[in-house]
Amino acid sequence: GDSVTQMEGPVTLSEEAFLTINCTYTATGYPSLFWYVQYPGEGLQLLLKATKADDKGSNKGFEATYRKETTSFHLEKGSVQVSDSAVYFCALSDRGKAAGNKLTFGGGTRVLVKP
Amino acid sequence: DGGITQSPKYLFRKEGQNVTLSCEQNLNHDAMYWYRQDPGQGLRLIYYSQIVNDFQKGDIAEGYSVSREKKESFPLTVTSAQKNPTAFYLCASSLLLNTEAFFGQGTRLTVV
């Protein structure tokens with residue numbers, strides 16, 4: 001079945017450091033890929049998405065490129081802020097599935113940015 | 001404003017009691033979902049529905065039940081058969097197949 005693997009956290013960084021969170025996936029169809037962010041005690045917010053190979057999703061300084069050859073969708077940000085402290089989830093939705101748009105999530109990566 | 005509303009935000013339940021979590025959306029989305037999140041864990045799918053009066057089990061449906069009588073509502077009942085119900089529950093909806101899902105703010109259920 002479909003699966004998403006993310007690097008385990010927590011990831012602790014200083015402000016203005018470069019952030020990378022690795023994400024790899026397994027899917028049988030043609031997945032769309034997503035990054036969601038969860039702030040403490042809240043639901044998930046869509047951060048960015050990519051729907052086909054070589055697409056680059058970007059938002060709020062974050063970027064991720066859909067790499068079909070390596071089945072990866074790594075999240076990057078060049079200069080993090082304290083406000084970026086959150087849990088980040090990589091997810092996929094497989095268009096090849098007939099069973100609806102349910103998302104498969106990675107385990108989440110907690111990021112802590114220190115001033 | 002359009003969005004998904006979950007209520008209540010915090011819920012306490014005694015062992016052996018059923019409890020229903022509310023989820024309402026005004027986004028005119030066809031599909032709705034319930035996920036469970038345990039501390040430090042990812043999200044696991046409980047139930048989902050693609051259309052009114054139809055729903056399917058997700059990966060961890062045992063001990064839960066749902067209904068979809070209206071397009072905008074997808075309540076989740078946590079029954080006494082659920083062995084470990086304490087968790088954070090998230091409701092989501094999406095417009096079409098393979099579009100992004102929008103999430104509610106979650107309900108934290110604690111069994112006391």
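Above this text is the structure in question.
Residues numbered from 1 in each chain as written. Chains lettered and ligands numbered in written order. Predicted model: local features only at pLDDT ≥ 70, side-chain atom pairs only at ≥ 80, totals over all residues. Heavy atoms only, no water.

Draft legend 1. Layout of the sheet that holds strand S7 (residues 56-59) of chain A. Residues and elements named next belong to chain A. What the four strands build is an open sheet, ordered S3-S9-S8-S7; its pairing is antiparallel. Strand pairing shows two members of the sheet lacking a second neighbour, strand S3 (19-21) and S7, which therefore form its edges. Neighbour-to-neighbour, the strand axes of this sheet turn through a mean angle of 15°, independent of strand direction. Summarising the sheet, S3 and strand S9 (residues 75-77) pair through three bridges and their orientation is antiparallel. Opposite Leu 19, over in S9, you have Lys 77 as the bridge partner. (Pairing = 2+ DSSP bridges. Helix = DSSP H or I, 4+ residues; strand = E, 2+ residues; numbered from the N terminus. Axes fitted to C-alpha atoms, helices over the stretch in contact; angles between N-to-C directions.)

Draft legend 2. Focus on the sheet that holds strand S7 (residues 64-66) of chain B. All names here are of chain B. On the basis of which strands lie adjacent, the open sheet formed by four strands has the order S1-S3-S8-S7 and antiparallel pairing. Among the strands making up the open sheet, the edge pair consists of strand S1 (4-7) and S7. Sheet twist, expressed as the average angle between the axes of neighbouring strands with direction ignored, equals 20°.

Draft legend 3. Layout of the interface of chain A and chain B. At the interface, 23 residues of chain A touch 23 residues of chain B. When chain A packs against chain B, close to 1800 Å² is buried across both sides, 52% of that on carbon and sulfur atoms. If you look at where chain A meets chain B, you find one salt bridge. For Glu 100 of chain B, the salt bridge goes to Lys 49 of chain A, with nearest N and O atoms at 2.7 Å. Scanning the region where chain A abuts chain B turns up five residue pairs in polar contact (both at pLDDT 80 or more). (Contact = heavy atoms within 4.5 Å. Buried area = accessible area lost by both parts, 1.4 Å probe. Salt bridge = Lys/Arg side-chain N within 4 Å of Asp/Glu carboxyl O. Polar contact = N/O pair within 3.5 Å; in protein donor to acceptor, adjacent residues only side chain to side chain.)

Draft legend 4. Structural detail: the packing of aromatic side chains. Under the definition given, this model contains 13 aromatic pairs over all chains. Ring centres of Tyr 36 of chain A and Phe 103 of chain B lie 5.4 Å apart, and the angle between their planes is 80°; this geometry places the pair in the edge-to-face category. Of this pair, Tyr 36 of chain A sits in strand S5 (residues 31-38) while Phe 103 of chain B sits in strand S10 (residues 102-103), on two different chains. The class for Tyr 36 of chain A is buried, based on a relative accessible area of 0%. The positively charged end of Arg 68 of chain B is found above the aromatic ring belonging to Phe 74 of chain B, 6.0 Å away from the centroid. (Phe/Tyr/Trp six-rings, centres within 6.5 Å; stacked < 30°, edge-to-face > 60°. Buried < 20%, exposed > 50% of the residue type's maximum accessible area, 1.4 Å probe, protein only. Lys NZ or Arg CZ within 6 Å of the ring centre and 35° of its normal.)

Draft legend 5. Representation of the nonpolar core in the model. In this structure, Leu 19, Trp 35, Leu 48, Phe 73, Leu 75, Tyr 88 and Val 111 of chain A are the most contacted members of the largest nonpolar core, which totals 25 residues. In contact with Tyr 88 of chain A, not counting residues within four places along its chain, are Gln 6, Ile 21, Trp 35, Tyr 36, Val 37, Leu 47, Phe 62, Leu 75, Gly 108, Thr 109 and Val 111 of chain A. (Core = buried A, V, L, I, M, F, W, Y, C linked by side-chain atoms within 4.5 Å.)

Draft legend 6. The arrangement of the environment of Asn 26 of chain B in detail. Residues and elements named next belong to chain B. With respect to the element layout, Asn 26 can be found in the loop between strand S3 (19-25) and strand S4 (31-37). In the structure, Asn 26 is positioned 67 residues away from Ser 93 in sequence and 10.0 Å away in space, judged by C-alpha atoms. Within the structure, the side chain of Asn 26 is placed 2.6 Å from the backbone nitrogen of Gly 3, a separation counted as a polar contact.

Draft legend 7. Summary view of the state of the cysteines. Enumeration over the complete set of coordinates arrives at two disulfides over all chains. The disulfide that involves Cys 23 of chain A links it to Cys 90 of chain A, with 2.0 Å between the sulfurs. When the S-S torsion is -70°, as for the bridge of Cys 23 of chain A with Cys 90 of chain A, the disulfide is left-handed. Here the residue Cys 23 of chain A occupies a position in strand S4 (residues 23-26), and Cys 90 of chain A occupies one in strand S10 (residues 86-94), the gap between them amounting to 67 residues. An identical accessibility class is assigned to Cys 23 of chain A and Cys 90 of chain A; each is buried. Here Cys 23 of chain B connects covalently by a disulfide to Cys 91 of chain B, the sulfurs 1.9 Å from one another. Across the S-S bond linking Cys 23 of chain B and Cys 91 of chain B, the dihedral sits near -75°, which makes this disulfide left-handed. On the criterion of sequence distance, the pair formed by Cys 23 of chain B in strand S3 and Cys 91 of chain B in strand S9 (residues 87-94) is long-range, its members being 68 residues apart. Residue class for Cys 91 of chain B comes out buried when judged on its relative accessible area of 0%. (Disulfide = S-S within 2.5 Å.)

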